[in-house]
Amino acid sequence: MRSKRLSDSIIIRLLALSLAIMIFGVLSRYYALGSFLRQDLGQVVSEQQLALAGYVAHDIDDKIRQRKALLSRLATALPPELLDQPDALRAWLKERYQYQPLFSIGLFVVRPDGRVIADYPEVPHRMQVNYGDRDYIRQSLQGRFYIGKATTGRSSGVPVLPMSAPVQVSGEVPAVLVGVTAIAAPGFLDLLQHLPAVWPPPPRRVSLICCSNPESATIATASC
């Protein structure tokens, strides 16, 4: 009888209802706040990723432009008569390379048949390699500066980014000047290579690729 009276008590019922309402409110707020925080955190992380990737791409773009400007100037200044004098041409390349060594793998000059006339620094077996099938050689033989596809160097054996500029004489292209930079060269793609060290990977992966026409100087890739 006593138990029945307690269960029928209005006070007990009110307390039970109040407790149920409180628990329901706490759970509702927990799920609502958790969803809001996850969405807000995801947006912040995405914005940080895009900002850092944009910064890295801009840094790479500047370095590409520097190399384009240098290679174009050298191709314009190269004396045509040196194309028949390999030793003198190598000395000419050496003098320019030592002044501004932006191309870590070096500079070399290629004939229209794909054979190397001279290079500096000298790389073993490079003089025996035919580069006629490379995209940057074919494009520059048509009279334009070109950024080749990142590839493994045939003579160096390491991942490289080649660039080429036509050596023009009276409207003709008797040779192509090539500058090659190792992907892992110090001061080239440092920010991209050390990105995980300066910015721990977020919960999800986002990639940003900024790439324009290979004839221009804008080509950069940043993955976060």
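The numbers attached to residues start from 1 for each chain and follow its sequence in the written order. Side-chain atom pairs in this predicted model are given and counted only at pLDDT of 80 or more, local residue features only at pLDDT of at least 70, and totals for whole chains, interfaces and linings cover all residues. In computing side-chain properties, one takes all heavy atoms of the structure into account and sets aside hydrogens as well as water.

## A closer look at the packing of aromatic side chains
The description of two aromatic rings rests on the distance between their centres and on the angle between their planes.
Now for step 1: Stacked, tilted and edge-to-face are the three classes assigned to paired rings of Phe, Tyr and Trp, where Trp is represented by its six-membered ring and a pair needs centres within 6.5 Å; plane angles under 30 degrees give stacked, over 60 edge-to-face, the rest tilted. Throughout the structure, instances matching the rule amount to two aromatic pairs.
Now for step 2: Taking the centre distance of 5.7 Å and the plane angle of 70 degrees together, the rings of Y97 and Y120 count as edge-to-face. You can see Y97 sitting in helix α3 (residues 86–99) and its partner Y120 sitting in strand β2 (residues 116–120), a full 23 residues away along the chain. Considered together, Y97 and Y120 belong to a single accessibility category, that of buried residues. Numbering of helices and strands runs from the N terminus, with a helix taken as a DSSP run of H or I at least four residues long and a strand as a DSSP run of E at least two residues long. Each residue gets one of three labels from its accessible area relative to the maximum for its type: buried under 20%, exposed over 50%, partly exposed in between, using a 1.4 Å probe on protein chains only.

## A word on a nonpolar patch on the surface
Now for step 1: Patch members must show over 30% relative accessible area and no salt bridge, and they are joined within 9 Å when carrying like charges or within 5 Å when they are nonpolar side chains of Val, Leu, Ile, Met, Phe, Trp or Tyr. Accessible areas in this description were obtained via Shrake-Rupley with a 1.4 Å probe; residue shielding takes into account the shown protein chains only. A carboxyl oxygen of Asp or Glu within 4 Å of a side-chain nitrogen of Lys or Arg is what we treat as a salt bridge. A surface patch of nonpolar side chains, amounting to about 780 Å² of accessible area, comprises L19, M22, I23, V26, L27, Y30 and Y31.
Now for step 2: By the element assignment, V26 lies in helix α2 (residues 10–77).
Now for step 3: A residue is classified by how much of its surface remains accessible, and V26, at 52% relative accessible area, is exposed.

## What about the environment of R138?
Now for step 1: Mapped onto the elements of the fold, R138 is located in helix α4 (residues 135–140).
Now for step 2: Taking C-alpha positions, R138 is 9.1 Å from G114, a pair spaced 24 residues apart along the chain.
Now for step 3: Setting aside residues no more than four positions away along its own chain, R138 makes contact with G132 and D133.
Now for step 4: Distance and chemistry together define a polar contact, namely a pair of N or O atoms within 3.5 Å, with one atom able to donate a hydrogen and the other to accept it when in protein, and with adjacent residues in sequence counting only for side-chain atoms on both sides. Engagement of the side chain of R138 in a polar contact is seen with the backbone oxygen of D133, the distance being 2.4 Å. The contact definition used throughout considers only heavy atoms, calling two residues in contact when any of these lie within 4.5 Å.

## Points about the nonpolar core
Now for step 1: Put simply, buried Ala, Val, Leu, Ile, Met, Phe, Trp, Tyr and Cys residues joined by side-chain atoms within 4.5 Å make one nonpolar core. Within the largest apolar cluster, 47 residues are counted, with the highest numbers of intra-cluster contacts made by L71, L89, L93, V109, M163, L177 and V178.
Now for step 2: Among the elements of the structure, α2, α3, β1 (106–110), β2, α4, β3 (146–147), β5 (159–169) and β6 (172–182) are those that each provide at least two residues to this core.
Now for step 3: If near-sequence neighbours (up to four positions away) are discounted, L71 is found in contact with F103, L107, F145, M163, S164, A165, L177, V178 and G179.

## A few points about α3
Now for step 1: A helix is expected to span 1.5 Å for every residue after the first. Here α3 spans 20 Å end to end across 14 residues, near enough to the 20 Å set by a 1.5 Å rise per residue.
Now for step 2: Residues of α3 that are buried: L89, R90, W92, L93 and Y97. Taken end-on, α3 shows its buried residues confined to a sector of 160 degrees, consistent with a single buried face. Looking at α3, the residues exposed on the side facing more than 90 degrees away from the buried face are D87, E95, Q98 and Y99. What the arc covers is the set of directions going from the helix axis to the C-beta atoms.

## So, the pairing of β6
Now for step 1: Here β6 lies mainly inside the structure; nine of its eleven residues are buried.
Now for step 2: Taken together, the five bridges between β1 and β6 define a ladder with antiparallel strand orientation. The residue bridging G106 from the neighbouring strand is V180, located in β6. Whether two strands pair comes down to DSSP finding at least two bridges between them.

## Overview of the side chain of R67
Now for step 1: As for its position among the elements, R67 is in helix α2.
Now for step 2: For R67, a relative accessible area of 5% gives the class buried.
Now for step 3: In contact with R67, not counting residues within four places along its chain, are L102, F103, M163, T181 and F188.

## With respect to the confidence of the model for the protein
Now for step 1: In the predicted model, the protein carries a mean pLDDT of 79, and the fraction of residues at 70 or more is 71%.
Now for step 2: The score called pLDDT rates the predictor's confidence residue by residue, from a low of 0 to a high of 100. In this model residues 197–213 is a low-confidence stretch, pLDDT under 50, and it forms 31 contacts with partners more than four residues away in sequence or in other chains.
Now for step 3: The low-confidence segment residues 215–224 (pLDDT under 50) makes 48 contacts with residues lying over four places distant or belonging to another chain.

## A few points about the pairing of β1
Now for step 1: Across the five residues of β1, five count as buried, placing the element largely inside the fold.
Now for step 2: Hairpin connection of β1 to β2: five residues between the antiparallel strands, including G114 at a positive phi of 95 degrees.

## Side note on the pattern of salt bridges
Now for step 1: A complete count under the given rule lists seven salt bridges for this structure.
Now for step 2: Among the salt bridges present, the one from R90 reaches D87, with a minimum N-O distance of 3.9 Å. Residue R90 and its partner D87 are both found in helix α3; the two are separated by three residues, about one turn of the helix.
Now for step 3: For R154, the salt bridge is made with D133, and the minimal N-O distance between the two is 2.5 Å. With R154 in the loop between β4 (151–152) and β5 and D133 in the loop between β2 and α4, this residue pair connects regions lying 21 residues apart in the sequence.

## Here's the deal with unusual backbone geometry
Now for step 1: A cis amide bond links Y120 with the next residue in sequence, P121, at an omega value of -10 degrees.
Now for step 2: Turning to its location among the elements, P121 is positioned in the loop between β2 and α4.
Now for step 3: At S170, a position not held by glycine, the phi torsion is positive, near 55 degrees.
Now for step 4: Tracing the chain through its elements places S170 in the loop between β5 and β6.
Now for step 5: Overall, S170 belongs to the exposed group, its relative accessible area being 76%.

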